[in-house]
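Here are the chains, one letter per residue:
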Amino acid sequence: MQTTPSREPRTAILALTAFLAILVILSPSPAAAQGGPPNWPPELKNLQIFSPDTPPAELIDKMKGFTAALGVRCQFCHVGEEGQPIFTFDFASDEKPEKEAARLMLRMVQSINEDHLSKLEGDEPVLEVQCITCHRGTAHPEQLHDLLVRVATTDGANAAVAKYAELRERHYGGQSYDFAEQTLVRAAGMLAVKGDVETASSLIQLNLEHFPESAMTFGALAQLRQLQGDNEAAIVALKKVLELEPENGRVQAMLQELQELQKAQEIEQMEGSEEESGEPKR
Ligand code: HEC
Ligand code: HEC
């Protein structure tokens, strides 16, 4: 059954074309900023991965893809200075180890796509692995929780808290780092396992500043307080979880268990102090 095409799809296509044009105009373009194609090297001398007769436009596209995927400028891999015209760059030079790393990465990506993904049974893979798949706009594609644990372990809790603030300021809303509720909880869990409950607590407090109603964060807080031997604070945190998630059976059970433990300990202490003060036992 064929219907006459309505106006909407065409309008939508026009809108999309305009939108894409704007995207192209607004995209940061380091090559253009540094002189662009008019100053492109007259001959390409040192292509080992791409074909030596790759058209300039195609090579520029690939290079711009690198800068966007890694969140860097051309001189991250090439010999040249920020702000200087592009013809002063020595693109053919292999002096920078980052360029060699990029070649290694190119071979890796090629192998992932051609030797592995293409061998999946069934449909063509929906996704082709690209630099951005892992790098997500950073040169070091480290996940935020790993990064924070690393900083905390080498430079301490305050440095990790400061790092989180700095990265959040710069990258929030982008794809480089995951600033969702679970990241700091995860980092705190990793630190607690390493025995650094203090730093873990700092990260949990930080998470509560950003997610004051996060049940999972109060759950983690309860566990940390218990590890610190502060059952009373653990009970307060668990009650907060139940305020947020009244139906959470596991937390109900944990709370009950902890309250019973707490009672037993209180009785033990009372008996202990009675013994010490020499008063008769009941
Ligand atoms: C992540 C690293 C990286 C970044 C960033 C990068 N390039 Fe490259 N570039 C390479 C690698 C690797 C090659 C060599 C590719 C090969 O061996 O086939 C190359 C080759 C080139 C060449 C060819 C040089 C020759 O004569 O052989 C030019 C020109 C070039 N890049 C320009 C640029 C420009 C302009 C930018 C910024 C928009 C840029 N590149 C950003 C890694 C990078
Ligand atoms: C499968 C994931 C993955 C893909 C895909 C990937 N990379 Fe990487 N890349 C990494 C990891 C992991 C590192 C090591 C980061 C570190 O040591 O901090 C790295 C490191 C690098 C480095 C060295 C950074 C430095 O500071 O020394 C460069 C340059 C680089 N990648 C470029 C690329 C380019 C260009 C592409 C696309 C052709 C690409 N990568 C695709 C995971 C990936």
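Refer to the structure above for everything that follows.
Given the structure is predicted, the values throughout are model-derived calculations rather than measurements.

Q: Please give an account of the environment of L44 that cites residues and values.
A: Inspection of the secondary structure puts L44 in the loop between α2 (30–33) and α3 (56–70). With 16 C-beta atoms counted inside 10 Å, the residue L44 sits in the partly exposed group. For the pair L44 and F91, spaced 47 residues apart in sequence, the C-alpha separation works out to 8.5 Å.

Q: Mind laying out the site of ligand 2, listing which residues take part and the relevant values?
A: With respect to spatial proximity, 16 residues lie near ligand 2, and among them A101, M105, C131, C134 and H140 are the closest. Within the shell around ligand 2, the residues separate by chemical class into 12 nonpolar, 3 polar and 1 charged.

Q: So what's going on with helix α8 (residues 182–193)? Residues and values would help.
A: Residues separated by three or four positions in an α-helix point in the same direction, a consequence of the helix having 3.6 residues per turn. Counted at 1.5 Å a residue, the expected span for α8 with its 12 residues is 16 Å, and the 16 Å between its end C-alpha atoms agrees. Every buried residue belonging to α8 is among T183, L184, V185, R186, A187, A188, L191 and A192, and all of these are buried. Summarising the contacts, the buried residues of α8 are in contact with α6 (144–155), α9 (197–210) and α10 (215–227). In the stretch just after α8, G195 is the one whose phi turns positive, near 95°.

Q: Would you mind going over the site of ligand 1 in detail, with residue names and values included?
A: Near ligand 1, the surroundings consist of 26 residues, among which I49, M63, C74, C77 and F91 are the closest. In terms of residues, the shell around ligand 1 owes the most to one element, α3, which gives 5 residues. Looking at the shell around ligand 1 residue by residue, the class counts come to 17 nonpolar, 4 polar and 5 charged.

Q: Would you mind going over the nonpolar core in detail, with residue names and values included?
A: Counting 29 residues, the largest nonpolar core has L148, A188, L203 and I204 as the members making the most contacts within it. Contributions of two or more residues to this core are made by α6, α7 (157–171), α8, α9, α10, α11 (231–244) and α12 (249–276). In terms of residue count, the dominant contributor to this core is α8 (6 residues). What L148 contacts, discounting residues up to four positions off in sequence, is A160, K163, Y164, A187 and L203.

Q: Requested: an account of α11, with residues and values cited.
A: Here α11 contains 14 residues, and its C-alpha end-to-end distance of 20 Å stays within 8% of the 20 Å for a straight helix at 1.5 Å per residue. Along α11, the residues that are buried comprise A234, A237, L238, K240 and V241. Down the axis, α11 shows its buried residues gathered within 150° of arc, on one side only. Along α11, the residues that are exposed and aim more than 90 degrees away from the buried face are E232 and E243.

Q: Run through unusual backbone geometry, naming residues and quoting values.
A: The phi dihedral of R136 is positive, around 45°, even though this residue is not glycine. Along the chain, the position of R136 falls in the loop between α5 (131–135) and α6.

The rules behind each value
Residues numbered from 1 in each chain as written. Chains lettered and ligands numbered in written order. Predicted model: local features only at pLDDT ≥ 70, side-chain atom pairs only at ≥ 80, totals over all residues. Helix = DSSP H or I, 4+ residues; strand = E, 2+ residues; numbered from the N terminus. Buried ≥ 20, exposed ≤ 12 C-beta atoms within 10 Å, placed from the backbone. Near = placed C-beta within 6 Å. Nonpolar A, V, L, I, M, F, W, Y, C, P; charged D, E, K, R; others polar. Expected span 1.5 Å × (residues − 1). Contact = placed C-beta atoms within 7 Å. Core = buried A, V, L, I, M, F, W, Y, C linked by C-beta atoms within 7 Å. Arc of directions from axis to C-beta.

That is the geometry; function is a separate question.
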